[in-house]
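The residues making up each chain are set out below.
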Amino acid sequence: MNIKFRAQLIIAFIVIIVSATLTFYHFSQEKRYVKERTERSSQNIKHAFDAIVDDTEHLYRFRTLATLSTAGVIDAVKKQDTQALYKAILPRFNALKNENPHLIIMQFHAPDGRSILRVHLKDKFGDNIAQQRPMLRKIHQEHRMISGFEGGLGGIAFRVIMPIFDEERYIGAVEYGVDVGYFVDRIKRLSGSESIVLIHKGSLGAADRQLYSGGIGHYFYSTDLKDKKVLMEQYAFLNDHLEPRRIDIESKSYEINPLFLKDSKNRDLGVIIAINDVSGASQNTMDALVGSVLVTVVMMILLWGLFEYTFNGLIGKVDLQERYINTILDSQQNIVIVTDGFEIIFANRSFFDYLGFDTLKAFKREHACICEYFEADESAQYLMPMIDGMVWTEYLLLNESQENQAKMSVDGKTSIFTVTSKKMDYKGKIRHVVVFTDITRLNELATQDVLTGVANRFQFDKALSHSISLAQRYERGLSIILLDIDHFKKVNDIYGHLVGDDVLKKFTQILINGTRKSDIVARWGGEEFVVLLPDTEFSSAIKLAEILRLKVAEGDFSPVERVTCSIGITRWNEGETPDQLLKRVDKKLYAAKDGGRNRVVS
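Rules and cut-offs
Along each chain, the written sequence defines residue order, and numbers are assigned to residues from 1. Per-residue local features of the predicted model are confined to residues with pLDDT of at least 70, and side-chain atom pairs are confined, for both listing and counting, to 80 or more; whole-chain, interface and lining totals are unaffected and use all residues. Calculation of side-chain values draws on the structure's entire complement of heavy atoms; hydrogens and water are dropped beforehand. A helix here means a DSSP run of H or I that spans at least four residues, while a strand means a run of E at least two residues long, and both kinds are numbered starting from the N terminus. Relative accessibility thresholds used throughout: buried, under 20% of the residue-type maximum; exposed, over 50%; partly exposed, between the two (1.4 Å probe, protein chains only). Contacts: residue pairs with any heavy atoms within 4.5 Å of one another. Using a 1.4 Å probe, the Shrake-Rupley method yields the accessible areas, and only the shown protein chains count as cover for residues. Multiplying 1.5 Å by the residue count of a helix minus one yields the expected span of that helix. Only buried residues count toward a nonpolar core, which is a set of Ala, Val, Leu, Ile, Met, Phe, Trp, Tyr and Cys residues joined through side-chain atoms within 4.5 Å. For the purpose of charge, His is not counted, nor are the chain termini; Lys and Arg are scored as positive and Asp and Glu as negative. One side-chain nitrogen of Lys or Arg within 4 Å of one carboxyl oxygen of Asp or Glu is enough to make a salt bridge. Axis lines are fitted through C-alpha atoms, for helices just across the contact stretch, and the angle between N-to-C directions can take any value from 0 to 180 degrees. Orientation categories follow fixed angle ranges, with anything under 35 degrees roughly parallel, anything over 145 roughly antiparallel, 65 to 115 roughly perpendicular, and all other angles oblique. Gly falls in the polar group here, along with every residue not listed as nonpolar (Ala, Val, Leu, Ile, Met, Phe, Trp, Tyr, Cys, Pro) or charged (Asp, Glu, Lys, Arg).

A. Inspection of the overall build of the protein at higher detail. Each helix and strand counted, the protein has 16 helices and 23 strands in total. A buried classification covers 45% of the 602 residues belonging to the protein. When contacts within the protein are restricted to residue pairs at least 6 apart in sequence, long-range pairs at least 24 apart make up 55% of them. As displayed, the protein has an accessible area near 32900 Å², and 53% of this comes from carbon and sulfur atoms.

Below you can see the structure in the form of structure tokens.
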């Protein structure tokens, strides 16, 4: 994505944000207003409901004193005399009903759970109503006032149940039941909200469930919905959990807010659905919309003009800086790349010249990472795509104090590079700037014997230390052969140094041809050579040493008639250092010389 396109996206984003802010400002304000009004309404309803509950409890607590003071009531309750109790209490019930027309239930209960008298259903008594009424079971157990919504034969009602004592002995309970319409009317008078009360299925008690088939989820309607039926159907649609909603019906808007009712044990008793008509709260948004469009157009013109004015100068500076950087990097003979460890993001001209690609796109059609060119050797000293379970770029960072090298071959030509890396962290994205410096010639001079082309003493020491480390880590065998050309000084004295050099080369070639690629042949010094045999059992190493001795003895070293060699051989022992190993094999070599030469001593 180029800079200009990104800038255009930023401008478009700013304009859209401003336009959206202005367009929806009114809606957000209205939403906040409605939310605040709904919260206040919910609080008012809750306060109203709590106040009504407290008033109802207090009312019938004190009415109970007068009820129980009525002549003949206590005696009839003790005797569980239904007829006498009905006769004594009927005037009192009528007085209470005149006081509150919503009082639909008044009944007396025996301590054993049976009904002594339903004043509102005088012919229905003697049944063990406590079996179906949790509130009755509780008062018979605890002998203290209890209140709450519950169903019974008289229907769903808010019930206040008071214990009856005779000389501190519990003889039963008196119950008052108030129709839920009482709470709806009181809430409307106190808060101004239309309300519908729903009772939880668990609170139906002994109520006839067929009378309460309609509802939402686990709740039954306690009253006839009348003109709110369509509204509640829309509110209940896919809303079993009774979440607050705003419903629009026939050009009217309603804010519906549930108020859940809990008992002392935090169990669901029911819910009051508060319905607020908010149709007049919405205002015409056309002016805000038109104004937003006009401001958007004006801002687009101004910002676009400013962008065109500043972009040319800005992009010119960016292009100039980019050309500076590319020119500097392309002038480097070293390969410079930027990578995330798996894919190349940038590369300089030396990269393309070495690998033979014109562009990075052309390279990526065949490769993803330069690490695909990495090659291993027998010494395992070069970088690989994965090293010790790490990506090669991570390995470079963790081992930046040591010299790291990579071996790569292109068109049959092998090159050795030193590799250095620096990490960049930009907005959480990790990038590695990696520099490959070609040290092929220097490496050859530093690690190879000039005359024979095999490893020199310096390179052999490194290979020996590495091989011992691998043998110790993986518990592998490691053997070493030390060879010395017999009477080589006479060859130089008789035939001259040029012939002597030729003998050394032919001798070296016999060693190379007789060993594996994983074995390391090195010139130890003068006419002494050493062969390192990684992952090789000692018995196999002895056989190889004897074969090499025979090949040398039978070899053609013209004009020298015959060349032989003395060989010392030993194996590495656990915990042994390189110097200790070399001293032991050196003693074996001298034992071969002292024993008459042209022999192997192990």
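B. Expanded view of helix α14 (residues 497–513). Between its terminal C-alpha atoms α14 stretches 24 Å, which fits the 24 Å expected from 17 residues at 1.5 Å a residue. Residues of α14 that are buried sit in contact with β19 (478–485), α13 (488–495), β20 (520–525), β21 (528–534), α15 (538–554) and β22 (565–571).

C. Region of the structure containing the nonpolar core. In terms of nonpolar packing, the biggest core is built from 45 residues, with Met106 and Phe108 touching the most fellow members. Setting aside its immediate chain neighbours within four residues, phenylalanine 108 contacts Thr67, Val73, Val77, Leu85, Ile89, Ser115, Ile116, Leu117, Val119, Ile164, Ala173 and Val174. In terms of nonpolar packing, the next biggest core, distinct from the first, is built from 31 residues, Ile335, Phe351, Cys371 and Leu383 among them.

D. Looking closely at the side chain of lysine 407. If you trace the backbone, lysine 407 turns up in strand β16 (residues 405–410). Buried and without a salt bridge, lysine 407 has glutamate 375 as its closest oppositely charged side chain, separated by 4.6 Å. Excluding residues within four positions of it along the chain, lysine 407 makes contact with Tyr373, Phe374, Glu375, Ala376, Asp377, Tyr382, Thr414, Ser415 and Ile416.

E. Geometry of the pattern of salt bridges. Scanning all chains against the criterion turns up 21 salt bridges. A salt bridge links aspartate 486 to arginine 597, with the nearest nitrogen and oxygen atoms 4.0 Å apart. Residue aspartate 486 is located in the loop between β19 and α13, and its partner arginine 597 is located in the loop between α16 (578–594) and β23 (600–601); the two are separated by 111 residues in the primary sequence. Residue class for aspartate 486 comes out buried when judged on its relative accessible area of 6%. Since its relative accessible area comes to 28%, arginine 597 is described here as partly exposed. Linked by salt bridges that have partners in common, Arg133, Glu150, Arg159 and Glu175 make up one network.

F. Inspection of the packing of α13 against α14 at higher detail. It is at 7 Å that the axes of α13 and α14 come closest, and there the two elements cross at 140°. One finds that α13 runs oblique with respect to α14. Across the interface between the two elements, Phe488, Val491, Asn492 and Tyr495 of α13 pack against His497, Val499, Gly500, Val503 and Leu504 of α14. By residue class, the composition of the contact of α13 with α14 is six nonpolar, three polar and no charged.

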